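Examination of the molecular architecture
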Number of protein chains: 2
Amino acid sequence: MSPAGGWVLGVDSGGSGIRVALRRVPGNGPAPTRSSTVPATVGEKGVDARSLLAQVVPAAEELLAGAGARRCEAACVGAAGMAALGGDLHAVLPSALREALGVRVLALATDAVTAYAGALGQRPGAVVAAGTGLVAVGTDLTAEGGWRRADGWGHLLGDCGSGAWIGRAGLEAAMRAHDGRAGGSHALLERLHAVFGPAPELPALLYPRADRPAVLASFAPEVGRCAPADPVSAGILRRAARHIAEAAAAVCPPARPGGREEPPPGPPPRPDGAAGAGGMYEVALTGGLLRMGAPLLTPLFEELQMQLPHARRVAAAGEPLDGALCVAEALLTGDLLLPADPPMLRIVC
Amino acid sequence: MSPAGGWVLGVDSGGSGIRVALRRVPGNGPAPTRSSTVPATVGEKGVDARSLLAQVVPAAEELLAGAGARRCEAACVGAAGMAALGGDLHAVLPSALREALGVRVLALATDAVTAYAGALGQRPGAVVAAGTGLVAVGTDLTAEGGWRRADGWGHLLGDCGSGAWIGRAGLEAAMRAHDGRAGGSHALLERLHAVFGPAPELPALLYPRADRPAVLASFAPEVGRCAPADPVSAGILRRAARHIAEAAAAVCPPARPGGREEPPPGPPPRPDGAAGAGGMYEVALTGGLLRMGAPLLTPLFEELQMQLPHARRVAAAGEPLDGALCVAEALLTGDLLLPADPPMLRIVC
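Residues numbered from 1 in each chain as written. Chains lettered and ligands numbered in written order. Predicted model: local features only at pLDDT ≥ 70, side-chain atom pairs only at ≥ 80, totals over all residues. Heavy atoms only, no water.

Named according to an unreviewed UniProt entry, chain A is N-acetylglucosamine kinase originating from Streptomyces aureoversilis.

**Here's the deal with the overall build of chain A**
Within chain A, the secondary structure is distributed over 12 helices and 13 strands. What you see for chain A is a C-alpha radius of gyration of 21 Å, in line with the 20 Å of a compact globule of 349 residues. The C-alpha extent of chain A, read off along each of the three principal axes, is 70 × 55 × 35 Å. For chain A, the proportion of contacts with a sequence separation of at least 24, taken over those separated by at least 6, is 68%. For chain A, the exposed surface amounts to about 14400 Å²; the carbon and sulfur share of it is 56%. Side-chain charges in chain A split into 30 positive and 32 negative, and the spacing between the mean points of these groups amounts to 2 Å. (Helix = DSSP H or I, 4+ residues; strand = E, 2+ residues; numbered from the N terminus. Rg over C-alpha atoms; globule rule 2.2 N^0.38 Å. Contact = heavy atoms within 4.5 Å. Areas by Shrake-Rupley, 256 points an atom, 1.4 Å probe, with all protein chains shown as cover. Lys, Arg positive; Asp, Glu negative; His and termini not counted. Charge placed at Lys NZ, Arg CZ, Asp CG, Glu CD.)

**A short note on the interface of chain B and chain A**
Across the boundary between the two partners, chain B contributes 30 residues, which contact 30 residues of chain A. Between chain B and chain A the total buried area reaches about 2800 Å² when both faces are included, carbon and sulfur atoms providing 63% of it. Interface area lost by chain B to chain A is led by W153, L156 and L157 of chain B, which between them contribute 31%. Seen at the junction of chain B and chain A, the total is 4 salt bridges. Between R176 of chain A and E246 of chain B there is a salt bridge; the shortest N-O distance is 2.8 Å. Summed over the shared surface of chain B and chain A, the number is 22 residue pairs in polar contact (both at pLDDT 80 or more). When contributions to the side of chain B that touches chain A are tallied by element, the ones reaching two or more residues are β10 (147-151), α5 (163-179), α7 (202-206), α8 (212-217) and α10 (231-251) of chain B. (Buried area = accessible area lost by both parts, 1.4 Å probe. Salt bridge = Lys/Arg side-chain N within 4 Å of Asp/Glu carboxyl O. Polar contact = N/O pair within 3.5 Å; in protein donor to acceptor, adjacent residues only side chain to side chain.)

**Describing the environment of E62 of chain A**
Structurally, the position occupied by E62 of chain A is in helix α1 (residues 49-67). Reaching out from E62 of chain A, the side chain makes a polar contact with the side chain of R34 of chain A at a distance of 2.6 Å.

**A short note on the packing of helix α4 (residues 111-120) of chain A against helix α12 (residues 320-333) of chain A**
Residue and element names in this part refer to chain A. α12 packs onto α4 with a crossing angle of 85° between their chain directions and a minimal axis gap of 6 Å. Taken as axis vectors, α4 and α12 run roughly perpendicular relative to one another. Counted together, T114, A115, A117 and G118 of α4 and P320, D322, G323, A324, C326 and V327 of α12 form the full contact between these two elements. For the contact of α4 with α12, a count of residues per class yields 6 nonpolar, 3 polar and 1 charged. (Axes fitted to C-alpha atoms, helices over the stretch in contact; angles between N-to-C directions. Parallel < 35°, antiparallel > 145°, perpendicular 65-115°, else oblique. Nonpolar A, V, L, I, M, F, W, Y, C, P; charged D, E, K, R; others polar.)

**What about the relation of the copies chain B and chain A?**
For these two chains of identical sequence, chain B goes onto chain A by a turn of 180° and a shift of 0.1 Å along the axis, with RMSD 0.1 Å. Taken together, the turn and the small shift mark the pair as related by a two-fold rotation axis. If distances are taken from each C-alpha of chain B to the rotation axis, the shortest is found for L156 of chain B, at 4.2 Å. A shared binding surface is used by both copies, with 100% of the interface residues of chain B retained as interface residues in chain A. (Least-squares fit on C-alpha atoms with pLDDT ≥ 70 in both.)

**Here we look at the sheet that holds strand β12 (residues 311-313) of chain B**
Residues and elements named next belong to chain B. With mixed pairing, the 5 strands of this open sheet are ordered in space as β10-β9-β8-β11-β12. Of all the strands in the sheet, just β10 and β12 have a single pairing partner and so form its edges. Going from strand to strand, the sheet's axes swing by 20° on average, the running direction of each strand aside. Inspection of the sheet shows strand β8 (residues 125-130) paired to strand β9 (residues 134-139) by 6 bridges, in the antiparallel sense. Residue pairing for β9: A126 is matched across the bridge by G138. (Pairing = 2+ DSSP bridges.)

**A closer look at the domain arrangement of chain A**
All names here are of chain A. Structurally, chain A comprises domain 1 (6-114 + 319-348) and domain 2 (122-316). For domain 1 and domain 2, the distance between their C-alpha centroids amounts to 28 Å. Domain 1 puts 12 residues into the contact, and the matching count from domain 2 is 9 residues. Together, the buried faces of domain 1 and domain 2 total about 1000 Å²; carbon and sulfur atoms form 70% of this surface. (Domains from an automatic or database assignment.)

Set out below in structure tokens:
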């Protein structure tokens, strides 16, 4: 086995479960994957390393056995909460993964960084990961610039434009219609009634729940469905689009005076998302919120054009699990371009 | 004791404790009062009657003994959650208060109704009760009109313009400044840092708390303090003022074609808040949010003038406990004008 060849492991640990994938380097075939819908435990010490390992190690052993391999040379674990709640993971994972799977070099990344790497690979720009919550990260690939991050503060302090934000705004507009207050939407009130029952009983349904942000986000698709015929819903999505673009604009590297980021005068941007002529920064969106489709994406693309004229919108190439594999492969081949900038991305040898 | 004379009891049960007052009817001296800072328990069956009685009965007995009286003829219990969570109170209080204190006639009111009666007495109009949360109630005193209510849906679905709403908006603006997003306020970011510590650690402080709305509302005074010199803070209070006036406008009886509610052409409204010539509806504000003073009240008075041109703003005459006494007295004397309109206000004989 050459020093730059072998097997790499990618892990994506999030609120809805854990996914593990194995890839041969060099090689570009599909990476066999194992998924669970059981998330890692989050306790007083943050994300619990033992609960993560209890899923990752057997899944990786299975994948290795299936590939006829014996060890992973490199791995990248991307986890929600790695930046703020990753103390136990940082303490336990390096030696545990070395002993169990032979991992020589390990990257510990916040899930926003693996989302970035999944969407843009190792190219400079900005990525917004939007689902129930919303976070934006960006980098110019320099060590000094490091990673820039915006929002991701949760449904009470931010996550502006996220599924929870859109759903909450839609439910507020429905309650306004119920009350006869200004700014109400009878279309959304009808949808509230269809989804949750009588409006006055919604508080008693919502507030006792531990997963309030998810309950709020579950109403976001209703706002999207109403938007074509309901100005209040359309207004909510226009504001969400503005907030999402604001987060992208805050993390995207600024246009440089040299004009290298100016739109190239030649052929139009390549639709496959690869860096085109002129070396413009790229901006991509990833996450479940994109499934809302045109009612959100039409105003969002307009806002991105207005707020980030120096960045080119591209389709996300892949998911956070692909990003974890991308980082693990770069560790193995020694060509990691993304900045190692703890706690966003930490490399342990 | 004449049938229209005797002692009446008022009770105000809220999130911050229970207050009990006794008044001689007829008579208009100060009503002796007992207060506790222990709220009634709220369990799966709603507000727990036993926990309320355990405080109210001894306090009432003490007040009666101090007054040299033996029984209360009438009582009004105003309680937060009476409308939605008052089942146990409705089932238990009538017989319990009759047996313990001799109460012959009892009013069970939601706290918004006692806030109304405390502010406007038995005159028609609208009252906004604003503290951590916000609810507006109004009535034209007709049985058909009953009570109108707006908002009060809690910090995720409404309470627009409340302390929690203002504080949440202020913290969001601070986090925007931290991120470098549009719409941020560095003044509020400085206040966030002074009050809560480093901005990135605020989510870990806030989300595990059970009293999140109170934590959010605790930041509202900082928004008021920043507003004179910070356009973002001033904008938050301008939006809050608009929302508060929208709630008042939704519950205030509409101007009647007869023009009885038109501003009287003669002398200006009486400053003492009594119904002036012309019989205009009255609108009053009550609750802790008023303590924010001019930064909120200046835009709020402007919004009320714009949105409720047919109503005259008056100072609240008293507090919810005064409102409970007002209703109890009207029960005893047989001149209750406020509409008995369950679950807002229910009379039990």
